[in-house]
Amino acid sequence: MSELTKAIKEKTESMLTADHCLSCTSCMAGCPVMEASREYRGPKLVGPAHNRMRFSQEDVEESLDFCSNCKSCDRACPSGVEVSTLNMLRRAEYYKTHPHSQRDDMLAHGERMAKLVRSMPFGASCANLGMKIGKSLGIFKSIGIAGERDMPAYASKSFLSMFKDIRQTSSEKKIVFYPGCFINENDPEVGVAFVKVMQKNGYEVLVDREFNCCGSPLVVTGYLDEALEHAHNNVARIYHWKQQGIPVVACCTSCSLMLKKEYHELFDEPEMKEAAENVYDAFEFLAMLEDEGKLNTKFGSLTHHLLYHVPCHLKSQGFGTPAAHILGKIPGIKVELADAGCCGMSGNYGFKQDKYDISMKIGERLFERIATSKADTVISDCGTCRLQIQHGGHVEPCHPVEILAKAYGEG
Amino acid sequence: MKHSDTIVIGSGLAGLMAALTSARRGKKVTLLTMGSGSLSLNSGVIDVLGFDENHAFVESPRKGIETLPKDHPYKKIGMDMLEKSVEAFLAFTKEYHFPYRGSLDKQIMVPTAVGTLKPTCLAPHSMDGTGFKGCSKVIIVAVEGLKDFYGDIIKENIRPLLGEDLVYEIVTIDTGLTGGRDITTLDVARWLDHDKGMTTLSEALKPYAKGSETVFLLPQILGTSGHAGALALRGKLESEVIETTCLPPSVNGLRLQKIFYEALRDSGVDIIEDTKVLRAVRKGAKCTAVVAQAAAREKTYEAEKFILATGGFYSGGITMREFEHPKEAIFDLPVWFVPGEENWSNEQLFADKPQGFAMTGIRTDENLLPLDGNGKRVYDNVYVVGRNLGGYDFCFEHSGNGVALASAYKAAMM
Ligand code: SF4
Ligand code: SF4
């Protein structure tokens, strides 16, 4: 039995949740892909119902490919059915006997690609140029990547290399920052802002170069055995820090959800649950400081009206929207919740040519909200949500932690 | 630890109403939810009391309530609070562009998806069967590919109810929403949210519209935003348009849910979704906090006051692992039930007597504070509302949303 088959065979907990399905249809009303496309049969049928009805491995639900793993169904469900995880497990099973496309291989392995790029002199600018040329020549499109989109550009310096040059005040209080691929390779300023925020709160920020990609892009494209390898590595690292009493904090909500919840839902290993207790989302962590009266609230005043798009993968962490509350404390800041549902990007989903229209259709509500809102800045914790906001909303969004860093002023 | 004035647990009608009413009183409210709540599953009309204990039709909910036994939730809530809750609800729906109609004095008859009429107390204009009055022709509008709405059955059933002398005609609309999975009323409603859909529909129906002579009877498809869709179509056709109830997901329930969430945001309610409340922290006669499950860890939420709106058996607010041992899991409140297996249920599901099991729930005093078997208060600051309450069979008497609304309002005002 391969590692994966074993993993799935033994993964009864998520599977068992299917038995709790009451066929109430709540998940159908909440599924953004179902709203955008009639090709998708929807969470109830594709998830729990199919799970109970299938009799062999060949019994494939064709429309499963449409699920974006946004997890709106899980949040809508009154009975705790882990619909999206069921879908991802089934997708992985499908790819055990079916080949992956070149496109999926590329979208799933961004980390591998980035490593290659970073190992070459002028790698980032060459790669960016290459992507521009590739796009104009229609090369991406030819392998099934949405030609309408720009591939996210590599930052000239990755976060980890910028981090080396940040001079921090050392402190007894430490946290380990988990940047994740997107912040590290494409949006390092978020990481820099986070370090500043933690320093202002008396924390010294560490990084751990042995962490790898959380595996989210692998899970959604059906490379579950590779995702499991990543999980084992990351969980071991989280343990390592846990033993020293140092929490691991992430700014990207898909990474934090993967480390905190999805590993365990997918692979069901007790260590994953225990390690997860040492992982925090950035604003979750800051809110906990606030609860203890330890949040530094010496904010300068800023003039911003913010429109906050709350990522699906933040909603699924079950602690509300503390960023709205904390940023609301900054003098001169007004925070408005966009409340426009899923943005439609869902990690690499929106990059697939055959899902591009669905992705943009899902995003319509948010785009319209952005167009009609009086806000001057859009904020969102998730990197791929920000890409979608840029692409469809035609504005330059930022991460909420960047606003907070700004409020702490220079120095 | 987060501190609020009031914590509401649950996002069905009772929870949403309790949170909104509390916030509008100036309280700092946190709403804790798991799942999207019951409104997508029920038609969002407010049944106050449709049938009395003997299953006789109740003409006036106000009068019907007088005849209820003293342990019925309405008796604890009191007529005054029921009236005020109805007033508050009507005002709120009007403010958010989805005005409901009705009063406690008279039922509104709402057409169902099989063509019968069911009594309710409050309903949006688009579901108010009063609109059939004075018409001479009913156009039943079916939608190509939409299951669970059969023109023929509706026609057959509604004819004796509205009058044999009226003309009935069935028109089937082609929405172009074909290919792929079966469509639902929600798909059609979303299509009608856009001008293109609305124009297609109104053009198709226009030839049949003869002013006040005609009434169009449609499935629940007129848009997902308040009464905008119904208003638009009524305007274009210059005839009355009426929607039936439907199977879930319920478009009308979702419309109501939408304006509740808008109003909650506008009144500054902090909504924490996808979190299951696990247990309460108790100090003497008071609850000081509840502990809820978030990803990877528990979170504690403190407050002065708690409103329990987690629902009954169906939504897991009350559970029963062992027969005759129903439980309320968060506060471990005593749950009242009809003892004796023989009284538990009637042979027929839709019988002319309330079902014993359906009466299961928490007993409270006049303040909606929970009582134990000896009539002693269990908590001084935990209020029980909606389907968590015992002593009524909402299905039998058609009182579900009414009890939810009124108990939520009262609990919020205490
Ligand atoms: S994860 Fe998202 S796309 Fe997939 S079934 Fe659930 S709601 Fe639909
Ligand atoms: S919301 Fe949950 S219980 Fe309802 S149909 Fe979907 S999976 Fe089943």
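Okay, so let's go over this structure. Model, not experiment: these values are computed from the prediction.

**Let's talk about the nonpolar core**
Residue and element names in this part refer to chain A.
- Grouped together as the largest cluster of nonpolar side chains are 104 residues, with contacts concentrated most on Phe194, Tyr263, Phe267, Leu286, Ile330, Ile403 and Leu404.
- Residue contributions to this core peak at seven residues, all from helix H16 (residues 224-243).
- The contacts of Leu404, once residues within four sequence positions are left out, are Val197, Phe283, Leu286, Phe299, Ile326, Leu327 and Ile330.

**A short note on the site of ligand 2**
Residue and element names in this part refer to chain A.
- In the vicinity of ligand 2 there are 14 residues, among which Cys21, Leu22, Cys24, Cys27 and Cys77 approach most closely.
- Among the elements of the structure, helix H3 (26-30) and helix H5 (43-53) are those that each provide at least two residues to the shell around ligand 2.
- Of the residues in the shell around ligand 2, the class split is nine nonpolar, four polar and one charged.

**A look at the sheet that holds strand S8 (residues 167-173) of chain B**
Residues and elements named next belong to chain B.
- In spatial order, the strands read S8-S7-S9-S10; together these four strands make up an open sheet with parallel pairing. Of all the strands in the sheet, just S8 and strand S10 (240-243) have a single pairing partner and so form its edges. The average undirected angle you get between the axes of adjacent strands in this sheet is 25°.
- In the packing of helix H7 (residues 195-205) onto the sheet, the strands contacted are strand S7 (137-143), S8 and strand S9 (214-218), and the crossing angle to S8 comes to about 145°.
- Helix-sheet contacts for helix H8 (residues 228-237) involve S9 and S10, and the interaxial angle to S10 is about 145°.

**Overview of the interface of chain B and chain A**
- At the interface, 35 residues of chain B touch 37 residues of chain A.
- Summed over both partners, the interface of chain B with chain A buries about 2800 Å², with 50% contributed by carbon and sulfur atoms.
- The largest share of the area that chain B buries against chain A comes from Arg181, Asp274 and Arg297 of chain B, three residues that together contribute 23% of it.
- Inspection of the chain B/chain A interface yields six salt bridges.
- The partner of Arg190 of chain B in a salt bridge is Glu35 of chain A, and the shortest N-O contact between them spans 3.4 Å.
- Scanning the region where chain B abuts chain A turns up 16 residue pairs in polar contact (both at pLDDT 80 or more).

**Re the sheet that holds strand S2 (residues 204-207) of chain A**
All names here are of chain A.
- Across the sheet, four strands lie side by side as S2-S1-S3-S4; this open sheet has parallel pairing. On the outer flanks of this sheet lie S2 and strand S4 (279-281), each paired with one strand and no other. The sheet shows a mean angle of 40° between the axes of neighbouring strands, taken without regard to direction.
- Pairing between strand S1 (residues 174-178) and strand S3 (residues 248-250): three bridges, direction parallel. The residue of S3 that forms the bridge with Val176 is Val248.
- Against the sheet, helix H17 (residues 253-267) touches S1, S3 and S4, its axis set at about 150° to S4.

Procedures and definitions
Residues numbered from 1 in each chain as written. Chains lettered and ligands numbered in written order. Predicted model: local features only at pLDDT ≥ 70, side-chain atom pairs only at ≥ 80, totals over all residues. Heavy atoms only, no water. Core = buried A, V, L, I, M, F, W, Y, C linked by side-chain atoms within 4.5 Å. Buried < 20%, exposed > 50% of the residue type's maximum accessible area, 1.4 Å probe, protein only. Helix = DSSP H or I, 4+ residues; strand = E, 2+ residues; numbered from the N terminus. Contact = heavy atoms within 4.5 Å. Near = heavy atom within 4 Å. Nonpolar A, V, L, I, M, F, W, Y, C, P; charged D, E, K, R; others polar. Pairing = 2+ DSSP bridges. Axes fitted to C-alpha atoms, helices over the stretch in contact; angles between N-to-C directions. Buried area = accessible area lost by both parts, 1.4 Å probe. Salt bridge = Lys/Arg side-chain N within 4 Å of Asp/Glu carboxyl O. Polar contact = N/O pair within 3.5 Å; in protein donor to acceptor, adjacent residues only side chain to side chain.

These figures capture arrangement, not role.
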